Amino acid sequence: MSASVTTAHNAKRMNRAALVRRLVARIGEDPAVIGGIGHSNFDLWAAGHRARNFYMLGSMGLAVPIGLGVALAQPRRKVFVLEGDGSLLMQLGCLSTVAAQRPANLAILLLDNGTYQITGGQRTPAELAGTDLVAVARAAGLPQAAWAADEADFDRLVAQCLDTEGPHVIGLKLDDAPPAGQTERDPAQIRDRFMRGMGAKRSGLPG
Amino acid sequence: MLRPDEGGRMSSEQPGDATAWPDQIYDLLKEHGIRQVALVPDAGHARLIRRCLADNAMRVVPLTTEEEGIAMLFGAWLGGEKGVLLMQSSGVGNCINMLSVAIAHRTPCPMIVTMRGEFGEFNPFQVPMGQATPAVLEAMGTLVRRADRPEDVAPTVDATLRLAFNTYRPTATLIGQRVIGAKTFGK
């Protein structure tokens, strides 16, 4: 259970690419990481490809439900989902769906820059309204949801995801820096690589 | 030949029984190794949902919208499990854009759809989406097969499950409202 009392308005605004690099360095090889649409998966790609990275190139709002399916299929493996605030808003009900299933191995990292950055930085309705998405997650039935106060607090929360049963939610307030790279755009290849990394591909051939 | 199914008796043991099709679908889900059952409830699926809920080897996931189900089945496949999406024809309209996930990644996405808005419908709101369901599914690259008689349901579901898992694409069985009406509306 998180002891953090950080709220949306006093969380430090951090750099997405740097945070994703911290995450990847901290979690090791085994966990799956699902990068949501847009800059969420761009910065996962830019942090260096891992065998168990999945990059979601299209359809807003699906990273969390995809992560739920993966987490239920492989309950002994930690599954981290990187989802943007705009995407989560498009599929907010998934928080209740996850809360109802309580997958102990699932961690949702909310990458909240308050904008639709990839389309020109337009502010989201939640940003305009002052909606606290971590508070929304808690109210949806995910009590292990907390804003990261700063980078050190983020490291602590990631360690909690690795060491304790979830589902967990980590809210990350972000600056407006652009992504550090751009994912190669071949969804079938991305899917194939990920399934091999997960041991889910039924093929006797290497590679 | 209608008969009550109290006491958990297996109607699927009687192939001629017009009410046995939900149990036959359940048997097919077992045969195909389905582990994740995503759904937005429909009265026409109520009996199948009860069977799945009673099965500890199946994870039944109630969704807030059918879109989640398309993504969840995709995640299941990525992790090495098979899933199926149960919904009503109105729900098809909710998940059209998301079918691009299965098309772009070339992954199975079997859907079992109970139809409304086409045979003795009483709700005007069900008619537009019910009439458009096969067209919009096919427009998004889904292979669609219909069952309009109780005895056609199991072979059609079997065929669309095979098409999905063997050819890696979205498929749908549409169970006609005439079939469902015979079971559900008499209660």
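Everything discussed here concerns the structure shown above.
Presented here is an overview of the structure given in this document. (Residues numbered from 1 in each chain as written. Chains lettered and ligands numbered in written order. Predicted model: local features only at pLDDT ≥ 70, side-chain atom pairs only at ≥ 80, totals over all residues. Heavy atoms only, no water.)

1. Here's the deal with the packing of helix α1 (residues 21–31) of chain B against helix α2 (residues 46–53) of chain B
Residues and elements named next belong to chain B.
- The N-to-C vectors of α1 and α2 enclose an angle of 40 degrees; their axes lie 8 Å apart at closest approach. Here α1 lies oblique to α2, going by the angle between them. Where α1 crosses over α2, the two elements pack in a sense that is right-handed. Contacts between α1 and α2 involve P22, D23, I25, Y26 and L29 from the first element and R47, L48, R51 and C52 from the second.
- Here the residues of the contact of α1 with α2 are counted per class, giving six nonpolar, no polar and three charged. (Axes fitted to C-alpha atoms, helices over the stretch in contact; angles between N-to-C directions. Helix = DSSP H or I, 4+ residues; strand = E, 2+ residues; numbered from the N terminus. Parallel < 35°, antiparallel > 145°, perpendicular 65-115°, else oblique. Left-handed = near helix turned anticlockwise from the far one by under 90°. Contact = heavy atoms within 4.5 Å. Nonpolar A, V, L, I, M, F, W, Y, C, P; charged D, E, K, R; others polar.)

2. Re the sheet that holds strand β7 (residues 145–147) of chain A
Residue and element names in this part refer to chain A.
- Spatially, β2-β1-β3-β4-β8-β7 is the arrangement adopted by the six strands of the open sheet, whose pairing is parallel. The open sheet has two edge strands, β2 (53–55) and β7, and neither has a second partner. Going across the sheet, the axis of each strand differs from the next one's by a mean of 15 degrees, ignoring polarity.
- Direction of pairing for strand β3 (residues 79–84) relative to strand β4 (residues 106–112): parallel, over a ladder of six bridges. The residue bridging F80 from the neighbouring strand is A107, located in β4.
- Packing against the sheet, helix α8 (residues 151–163) makes contact with β3, β4, β7 and β8 (168–173), and its axis sits at approximately 165 degrees to β8. (Pairing = 2+ DSSP bridges.)

3. Description of the pattern of salt bridges
- Here the structure, examined in full by the defined rule, presents 20 salt bridges over all chains.
- In this structure, R77(A) engages D30(A) in a salt bridge whose closest nitrogen and oxygen atoms are separated by 3.0 Å. Of this pair, R77(A) sits in the loop between α3 (63–73) and β3 while D30(A) is found in the loop between α1 (16–27) and β1 (32–35), placing the two residues 47 residues apart along the sequence.
- For R77(A), a relative accessible area of 12% puts it in the buried group.
- Given the relative accessible area of 42%, D30(A) is considered partly exposed.
- Notably, a salt bridge pairs R146(B) with D148(B), separated by 2.7 Å at the nearest N-O pair.
- Each of D192(A), R196(A) and K201(A) takes part in salt bridges that share partners, so that together they form one network. (Salt bridge = Lys/Arg side-chain N within 4 Å of Asp/Glu carboxyl O. Buried < 20%, exposed > 50% of the residue type's maximum accessible area, 1.4 Å probe, protein only.)

4. Regarding the sheet that holds strand β3 (residues 82–88) of chain B
All names here are of chain B.
- Strands sit in the order β2-β1-β3-β4-β6-β5 across an open sheet of six strands; the sheet is parallel. The open sheet terminates on both sides in strands that have one partner only, identified here as β2 (59–62) and β5 (143–147). Between one strand and the next, the sheet's axes are offset by a mean angle of 20 degrees, whatever the strand orientation.
- Across five bridges, strand β1 (residues 34–39) lies against β3 in parallel orientation. Among the inter-strand pairings, A38 is bridged to a residue of β3, identified as L85.

5. Notes on the interface of chain A and chain B
- Each partner contributes residues to the interface: chain A has 26 residues there, and chain B has 28 residues.
- Here chain A and chain B share an interface that buries about 2,200 Å² over both sides, 62% of which is from carbon and sulfur atoms.
- Interface area lost by chain A to chain B is led by L72(A), Q101(A) and R191(A), which between them contribute 21%.
- Summed over the shared surface of chain A and chain B, the result is zero salt bridges.
- Taken together, chain A and chain B are joined by eight residue pairs in polar contact (both at pLDDT 80 or more).
- At the level of secondary structure, the elements contributing two or more residues to the side of chain A that touches chain B comprise α3, α5 (94–101) and α9 (187–197) of chain A.
- The dominant element in the side of chain A that touches chain B, judged by the number of residues it contributes, is α3(A), at seven residues. (Buried area = accessible area lost by both parts, 1.4 Å probe. Polar contact = N/O pair within 3.5 Å; in protein donor to acceptor, adjacent residues only side chain to side chain.)

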